[in-house]
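Topology and contacts: notes
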Amino acid sequence: VLPKGCLLLGPPGCGKTYFMQVLSSVTQVPVVVTQGSAIREGPIHIREVFAQARALAPCVVFIDEIDVCARWGPFSTAEDQATLNRLLVEIDGFEGNSGVCVIGATHEKMENIAPPLRRSGRLSEILHFQLPDPTERAALWRHYLKPMGVHTHTPLIEEAVRRSVRFSPAEIQD
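Since the model is a prediction, treat every value here as computed from it, not as a measurement.

As for the layout of surface pockets
Quantified by volume, the largest pocket comes out at close to 240 Å³. Along the walls of the largest pocket sit Gly 13, Cys 14, Gly 15, Tyr 18, Phe 19, Phe 129, Leu 140, Tyr 144, Pro 169, Ala 170 and Gln 173, which together make up its complete lining. Going through the elements one at a time, helix 1 (16–27), helix 6 (134–145) and helix 8 (169–173) are the ones with two or more residues in the lining of the largest pocket. Residue contributions to the lining of the largest pocket peak at 3 residues, all from helix 8.

What follows is the structure in structure tokens.
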């Protein structure tokens with residue numbers, strides 16, 4: 001079964017949204033972007049997003065913070081369930097969604113994402129994004145300091161790497 005999309009999983013600031021920007025640029029495929037919080041407005045918003053995507057097909061629907069609209073378990077409300085059900089219908093497509101791929105991004109644990117959404121053939125593929133290791137942090141520091149005219153000699157970079165152990169690429173950039 002071919003998946004209708006995938007989940008990008010990783011800590012905030014580690015490049016999930018940037019990955020989507022690069023993917024769109026490289027492939028020249030249009031991307032309809034929405035936030036999980038916007039989708040929580042209900043099934044009507046989901047229908048609108050997918051109608052726009054079908055009109056642009058081939059197209060990617062990118063749902064940032066998909067965990068907000070994919071709640072599961074005892075704390076989900078009837079509205080949460082209606083929204084999730086509409087999302088599942090759009091992904092599965094009663095009418096057929098050829099040319100529309102769904103990519104969701106989250107920093108939540110997988111067990112917090114509704115199992116029906118992760119079922120085989122839906123968003124079952126997962127791309128993990130991780131915080132950079134020391135070598136990657138050193139490369140990021142050099143990359144961001146060089147345009148500022150800061151001499152990136154080894155002791156300076158080593159100290160920056162040592163002090164930024166749990167930093168995401170976005171935090172290093174800031």
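Still more to cover.
Remarks on the sheet that holds strand 1 (residues 5–9)
Here we have 5 strands laid out as an open sheet, ordered 2-3-4-1-5, and parallel in their pairing. With partners counted over all chains shown, the strands left at the sheet margins are strand 2 (31–35) and strand 5 (125–128), one partner each. If you compare each strand with its neighbour and ignore which way they point, the axes differ by 20° on average. Of the strand pairs in this sheet, strand 2 and strand 3 (residues 59–64) are connected by 5 bridges, and their pairing is parallel. By the bridge assignment, Val 31 is partnered in strand 3 with Val 60. In the packing of helix 1 onto the sheet, contacts are made with strand 1, strand 2, strand 3 and strand 4 (100–106), and the angle to strand 3 comes to roughly 170°.

Quick word on the pattern of salt bridges
Throughout the structure, instances matching the rule amount to 5 salt bridges. With a closest N to O distance of 2.6 Å, Arg 162 and Glu 159 form a salt bridge. Here Arg 162 and its partner Glu 159 are both found in helix 7 (residues 154–163), 3 residues apart, which amounts to about one turn of the helix. A salt bridge links Arg 163 to Glu 159, with the shortest nitrogen-to-oxygen separation between them at 2.4 Å. A residue pair is termed a helical-turn pair when its members lie 3 or 4 positions apart in one helix, as Arg 163 and Glu 159 do in helix 7 at 4 residues. We classify Glu 159 as partly exposed; its relative accessible area is 27%. When salt bridges with common partners are traced through the structure, they connect Arg 54, Arg 86 and Glu 90 into a single cluster.

What counts, and at which threshold
Residues numbered from 1 in each chain as written. Predicted model: local features only at pLDDT ≥ 70, side-chain atom pairs only at ≥ 80, totals over all residues. Heavy atoms only, no water. 1 Å grid on protein atoms, 1.4 Å probe; cavity = no way out; pocket = protein on both sides within 12 Å on 5 of 7 lines; lining within 4 Å. Points joined across faces, edges and corners; volume = space filled by probe spheres on them. Helix = DSSP H or I, 4+ residues; strand = E, 2+ residues; numbered from the N terminus. Pairing = 2+ DSSP bridges. Axes fitted to C-alpha atoms, helices over the stretch in contact; angles between N-to-C directions. Contact = heavy atoms within 4.5 Å. Salt bridge = Lys/Arg side-chain N within 4 Å of Asp/Glu carboxyl O. Buried < 20%, exposed > 50% of the residue type's maximum accessible area, 1.4 Å probe, protein only.

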